[in-house]
Amino acid sequence: VYCTHTAPDYSLPWQKQRQYTSHILCSAFMIGGRKLLTNAHCVEHDTQVKVKKRGDDSKYVAKVLARGVDCDIALLSVESEEFWKDVEPLRFGRLPHLQDSVTVVGYPLGGDTISVTKGVVSRIEVTSYAHGSSDLLGIQIDAAINPGNSGGPAFNDQGECIGVAFQVYRSEEAENIGYVIPTTVVSHFLTDYEKNGRYTGFPCLGVLIQKLENPSLRACLKVQSNEGVLVRRVEPTSDSNNVLKEGDVIVSFDDVRVGCEGTVPFRSNERIAFHFLISQKFAGDTADLGIIRAGKLMKAKIVLNPRVHLVPYHTDEGQPSYLIIAGLVFTPLSEPLIEEEREDSIGLKLLAKARYSLARFKGEQIVILSQVLANELNIGYEDMSNQQASHFHLVVPLLCSCLACKDRYLCFEFEDSYVAVLEREAVADASSSILSGYGIPSERSSDLLKPYVDSLEGGQPADQDFGDSPVSNFEIDSDGLLWT
């Protein structure tokens, strides 16, 4: 797979970064329906994707049909009839067992021809997917996986594809730890795409859970048996917020008993993280929960949907939102922006909010003043950067407020007690000269041209504090609290 990437410039959101072609190729393989599978990170921010068959000199233009960031899978199509001549799609096999042989095929570093490495299945468990910052079932193998293997198939001894190579664990303390996306996750991705005509993502329960290993803790919660997990926090944007409460104990999921370590039965003589059962569902599916509340066993139904991140790990394909007012550049905070700006320039307070705060409603954003484009109108504000705007939880209401303002001055307040005041009429007069002076095509991104509908429903106060809590297992020890 040959991909040319053009990523957004999150610090200068009105433009894109310089395009580049990956110096390390990726791999892909053919499945039914004349389509190809590869990794989502192989075709991220793609401008052009080309593919070449083994033993063929020609490259063919491919189109990305669907991209699953959370599961790191992408679906490609090739229109050329020539490409599909004399080929057969791979057959998917079952989930392997420990010590089953596995063969990884792809185009890794070290040469231009196809490479084959062999090993065994070392472990099967819920694994952290680095690209999507998600936790899904994964297969750990000891066969060599190197840059370029990404997107390539892994086979069992019967020649069936058991998954897609996608990441490795590199450490001075460990060797030969590679990971394969199993066919169960691949099938979920493909079924989701076929059902909806697009990829909607893996759902979540939307609760922060704690293990109930301690007998005193179970006795305090009036849990008689050695099972269940404690609900410590509920995401406001999830359906669980309408059903579950802090202090509830989840003892079953679709009639499957949940152990006190947060595990459920998995095949014979195996157990796996409770999150595995949730990942088998699709967005919009209903789950039947058994819960203990104040010592009483209850049943509850909950609709499962993908998690809503206050600070997204990935932005949709396209440009980030931005709004420029007299040189003040406002944009939503995102993980790519934090990575681009570097954590030390973002500041500890804003970084903590990004890591641990929860979205209170779907679409909520942390709106920041990214930078100030120096102009005589904003003298004294030039050094302000990465400041969170107060009172605004979306860029759009900030725009509406400015357009509707009839006062002499526009006043912007920020979380660190900073304030910026601009004369309204002078702002209108200076906008065009600032844009032309900095070579900026528009004072706002294209998505801010659309009509705005307020998504804060139910009369919930905008300044209500739901507290700070981790939004990802990456931020805490694996033996602590877990989002599921």
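The structure presented is a predicted model; accordingly, all values stated were derived computationally and were not measured.

Trainee: So what exactly am I meant to see when it comes to the overall build of the chain here?
Mentor: A tally of helices and strands in the chain yields eight helices and 28 strands. Relative to the compact-globule value of 23 Å for 484 residues, the chain shows a C-alpha radius of gyration of 25 Å, a close match. Considered along the principal axes of its C-alpha atoms, the chain spans approximately 75 × 70 × 45 Å. When each of the 484 residues of the chain is scored for burial, the buried share is 50%. For the chain, the computed accessible surface area is about 23,700 Å², with 47% contributed by carbon and sulfur atoms. With 45 positive and 65 negative side-chain charges, the chain shows a spacing of 6 Å between the two charge centroids.

Trainee: Just to check I follow, could you spell out the sheet that holds strand β12 (residues 161–168) for this structure?
Mentor: The strands making up a sheet are joined through hydrogen bonds of the backbone, oriented either antiparallel or parallel. Taken in spatial order, the six strands close into a barrel running β8-β9-β10-β13-β12-β11, and their pairing is antiparallel. The sheet shows a mean angle of 50° between the axes of neighbouring strands, taken without regard to direction. Against the sheet, helix α1 (residues 183–196) touches β9 (115–129), β10 (134–141), β12 and β13 (178–182), its axis set at about 45° to β13.

Trainee: Where do I start with the sheet that holds strand β25 (residues 387–388) in this structure?
Mentor: With antiparallel pairing, four strands are arranged side by side in an open sheet as β22-β23-β24-β25. Because the sheet does not close on itself, it has two edges, and the strands there are β22 (323–325) and β25. The sheet contact formed by strand β24 (residues 367–372) and β25 spans two bridges and is antiparallel. Pairing of Ile368 across the sheet is with Gln388, part of β25. Running over the sheet, helix α7 (residues 395–404) touches β22, β23 (328–332) and β24 and is turned about 30° from β22.

Trainee: I keep staring at the pattern of salt bridges and nothing clicks. Help me out?
Mentor: Where charged atoms from two side chains of opposite charge come close, those side chains can pair. Scanning the entire structure with this criterion turns up 19 salt bridges. Across the salt bridge formed by Arg94 and Asp100, the nearest N and O atoms sit 3.7 Å from each other.

Trainee: Teacher, can you tell me more about the nonpolar core here?
Mentor: Counting residues in hydrophobic clusters, the biggest one holds 60 residues, and the most contacted among them are Leu37, Val185, Phe189, Leu205, Ile250 and Phe274. Counting residues in hydrophobic clusters, the runner-up holds 24 residues, among them Val367, Leu399, Cys402 and Ala420.

Trainee: I tried to follow the environment of Asp100 on my own but got confused; where do I start?
Mentor: Structurally, the position occupied by Asp100 is in the loop between β7 (73–78) and β8 (101–106). A relative accessible area of 24% means that Asp100 is categorised as partly exposed. There is a polar contact of 2.9 Å between the side chain of Asp100 and the backbone nitrogen of His97.

Trainee: Can you walk me through the packing of aromatic side chains in this structure?
Mentor: Centre-to-centre distance and the angle between the planes together describe a pair of aromatic rings. The tally for this structure, following the rule as stated, stands at ten aromatic pairs. Aromatic pair Phe29 and Phe92: ring centres 6.5 Å apart, planes at 80°, arrangement edge-to-face. You can see Phe29 sitting in strand β3 (residues 29–31) and its partner Phe92 sitting in the loop between β7 and β8, a full 63 residues away along the chain. Accessibility expressed as a relative area gives 4% for Phe29, which makes it buried.

Trainee: Would you take a moment to explain helix α8 (residues 424–437) for this structure?
Mentor: Since the α-helix turns once every 3.6 residues, residues separated by three or four places project in the same direction. With 14 residues, α8 extends 20 Å between its outermost C-alpha atoms, agreeing within 8% with the 20 Å of an ideal straight helix rising 1.5 Å per residue. Residue Ala430 marks the point of greatest curvature in α8, where the axis turns by about 40°. Among the residues of α8, Val427, Ala430, Ser431, Ile434 and Leu435 are the ones counted as buried. Looking at the residues trailing α8, positive phi occurs at Gly439, about 65°.

Trainee: Help me understand the side chain of Ser77 in this model?
Mentor: On the secondary structure map, Ser77 appears in strand β7. On the basis of relative accessibility, which here comes to 16%, the residue Ser77 falls in the buried class. Ignoring sequence-local partners within four residues, the contact set of Ser77 consists of Arg34, Val61, Ala62, Lys63 and Leu65.

Trainee: Can you walk me through α1 in this structure?
Mentor: Taking 1.5 Å per residue as the helical rise, α1 with its 14 residues ought to reach 20 Å, and the 20 Å between its terminal C-alpha atoms agrees with that figure. Turning to α1, its buried residues number three or more, namely Thr183, Val185, Val186, His188, Phe189, Leu190, Asp192 and Tyr193. Downstream of α1 by a residue or two, Gly197 has a phi angle that is positive, lying close to 75°.

Trainee: Explain the pairing of strand β6 (residues 60–68) here, please?
Mentor: Consecutive side chains of a regular strand alternate in pointing toward one face of the sheet and then the other. With three bridges joining them, strand β5 (residues 46–51) and β6 adopt antiparallel strand pairing. Its bridge partner lying in β6, Val51 is registered against Tyr60. With six bridges connecting them, β6 and β7 associate as antiparallel partners. Its bridge partner lying in β7, Gly68 is registered against Ile73. Remark: four residues form the turn of the hairpin made by β6 and β7, two consecutive strands paired antiparallel; Asp72 in that turn has positive phi of roughly 55°.

Here is what the cut-offs are and how they apply
- Residues numbered from 1 in each chain as written.
- Predicted model: local features only at pLDDT ≥ 70, side-chain atom pairs only at ≥ 80, totals over all residues.
- Heavy atoms only, no water.
- Helix = DSSP H or I, 4+ residues; strand = E, 2+ residues; numbered from the N terminus.
- Rg over C-alpha atoms; globule rule 2.2 N^0.38 Å.
- Buried < 20%, exposed > 50% of the residue type's maximum accessible area, 1.4 Å probe, protein only.
- Areas by Shrake-Rupley, 256 points an atom, 1.4 Å probe, with all protein chains shown as cover.
- Lys, Arg positive; Asp, Glu negative; His and termini not counted.
- Charge placed at Lys NZ, Arg CZ, Asp CG, Glu CD.
- Pairing = 2+ DSSP bridges.
- Axes fitted to C-alpha atoms, helices over the stretch in contact; angles between N-to-C directions.
- Contact = heavy atoms within 4.5 Å.
- Salt bridge = Lys/Arg side-chain N within 4 Å of Asp/Glu carboxyl O.
- Core = buried A, V, L, I, M, F, W, Y, C linked by side-chain atoms within 4.5 Å.
- Polar contact = N/O pair within 3.5 Å; in protein donor to acceptor, adjacent residues only side chain to side chain.
- Phe/Tyr/Trp six-rings, centres within 6.5 Å; stacked < 30°, edge-to-face > 60°.
- Expected span 1.5 Å × (residues − 1).
- Bend = angle between axes of the 7 residues up to and from the residue.

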